[in-house]
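# Residue-level structure breakdown
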Amino acid sequence: MNRPHLTVEHITRQFQIDGEPLVALDDINLDIAEGEFVTIVGASGCGKSTLLRLFAGLDVATSGTIRHAGEAVNEPSLDRGIVFQEPRLFPWLTVEKNVSLGLLNSRLPKAQKSELVRDHLELVGLSRFANVYPYQLSGGMAQRAGIARGLVSRPNVLLLDEPFGALDAITKAHLQDELEEIWAKENITMVMVTHDVEEAVYLGDRVVVMSPRPGRIREIIPVRLARPRRRTSSEIASARDRVLKSLHATGENTQSQAKGSKPSDDGGRTERTVALAR
Ligand SMILES: Nc1ncnc2c1ncn2[C@@H]1O[C@H](COP(=O)(O)OP(=O)(O)OP(=O)(O)O)[C@@H](O)[C@H]1O
C-alpha cells in the first residue's frame, strides 16, 4: 500500500437516543492510501454515514483521531469533497451556479473559479447544461452536477454516500464507469458508502465490511483485479460472493441477496485483512 493518506485511529462515536447512549461506531481503525478507491458496505444503521461524516469533518468523534495527510480532521475542508445520495441542488440556481457553490469558501480569483466550474462541468459531460435549472435535469444528470460540485475545489479526497442509490440500473452503470474514469484521470482518493455489493466490488480496491450494533469493521476484502473490470467476469462474481459471505455472517440482508444470489462457500479462504483494520 502507498503511504496512508487518510488514517482512522480508534474512532468511537456515541450518540444519545432518548437519554440512552448509542454506540454508532466502536474502535474503528483504518488506513487509506493516496489514490485508493475504498468502498464501505454494511447493514443499515451500522455507522457507514457517520464514518463518512467524520471523514468530511461534518461531525466530531467521541474519541479517537482521523487524519488527512497527517493533519487532524475537525472541520470541513476544500481538500475533501462530498457527494450525497440526493444531489442537493438548489432549485433556484442554474447548474453552473450550483456547481460553483463547491468553491464558496475558496479564496481563488473569480476568473479562476469560473474556469474551474467550466472544466468540471465538462468533466461530467454537462457543459451544454450550464445555464439550465435542476428541474430540467434527469436524475443521472443531477447527480453528475452533484459530483462536479464535489470535485470543483480539486479535493484530493472525494467522499461519496450512496451516490447512485436512487438511480435506475442503466444510469447507475454509466455513472459508475464515469466516476472510475474521473478517479483514474484525477488520481483522487475515493471513499464510497454503498448498499450495492456489486458496485462495491466493481469499483473498490478494497471493500470494508462493517457489522452493526455497535458499528465495527468486520473485515476488509481486497479486490485485486485489473481495470477496466468486466462486470460479468467470474473474478467479480467471486469477489462479490466473498463480500456477501462476510455480510451474511453479520446478519446483513443486501441488495444482491435480495435479488437471489447466494453467497458461495469459499471454504474459509476469504482473505482476511483484519490486520489492516487493526
Ligand atoms: N445525529 C444523530 N443523533 C443520534 N443518533 C444518530 C445520529 N446520527 C446517526 N445516529 C445513529 O447512529 C447509528 C448509525 O447511523 P448511520 O446513519 O451512520 O448508519 P448507516 O450505516 O449509514 O445506515 P443506512 O445504511 O441506513 O444509511 C444509527 O443507529 C443512527 O440512529
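Residues numbered from 1 in each chain as written. Predicted model: local features only at pLDDT ≥ 70, side-chain atom pairs only at ≥ 80, totals over all residues.

## Points about the overall build of the protein chain
Across its full length, the protein chain carries nine helices and ten strands. Counting only residues that meet the buried cut, the protein chain has 41% of its 278 residues in that class. Considering only contacts in the protein chain between residues 6 or more positions apart, those separated by 24 or more positions represent 69%. (Helix = DSSP H or I, 4+ residues; strand = E, 2+ residues; numbered from the N terminus. Buried ≥ 20, exposed ≤ 12 C-beta atoms within 10 Å, placed from the backbone. Contact = placed C-beta atoms within 7 Å.)

## Focus: the domain arrangement of the protein chain
Domain boundaries in the protein chain define domain 1 (4-79 + 155-277) and domain 2 (85-154). If you look at the interface, domain 1 gives 15 residues, while domain 2 gives 13 residues. Of all elements in the fold, only strand 7 (157-161) and helix 5 (169-186) reach the threshold of two or more residues within the side of domain 1 that touches domain 2. By residue number, the principal contributor to the side of domain 1 that touches domain 2 is helix 5, which donates five residues. (Domains from an automatic or database assignment.)

## A closer look at the UniProt feature "domain: ABC transporter" (unreviewed entry) in the protein chain
Summarizing the sequence annotation, UniProt attributes the feature "domain: ABC transporter" (unreviewed entry) to residues 6-237 in the numbering used throughout. A helix fraction of 31% and a strand fraction of 29% characterise residues 6-237, whose end C-alpha atoms lie 29 Å from each other. (UniProt positions renumbered as here; feature names shortened; annotations may be inferred.)

## Overview of helix 5
Between its first and last C-alpha atoms helix 5 spans 25 Å; for 18 residues at 1.5 Å apiece the expected length is 26 Å, and the two agree. Within helix 5, burial applies to Lys172, Leu175, Gln176 and Leu179. Seen from one end, helix 5 has its buried residues packed into an arc of 110°, which puts them on one side. Facing away from the buried surface of helix 5 by more than 90 degrees, the exposed residues are Ile170 and Lys185. Next to the buried residues of helix 5 lie helix 4 (139-151) and helix 6 (197-203). In the segment just after helix 5, asparagine 187 is the residue with positive phi, at about 50°. (Expected span 1.5 Å × (residues − 1). Arc of directions from axis to C-beta.)

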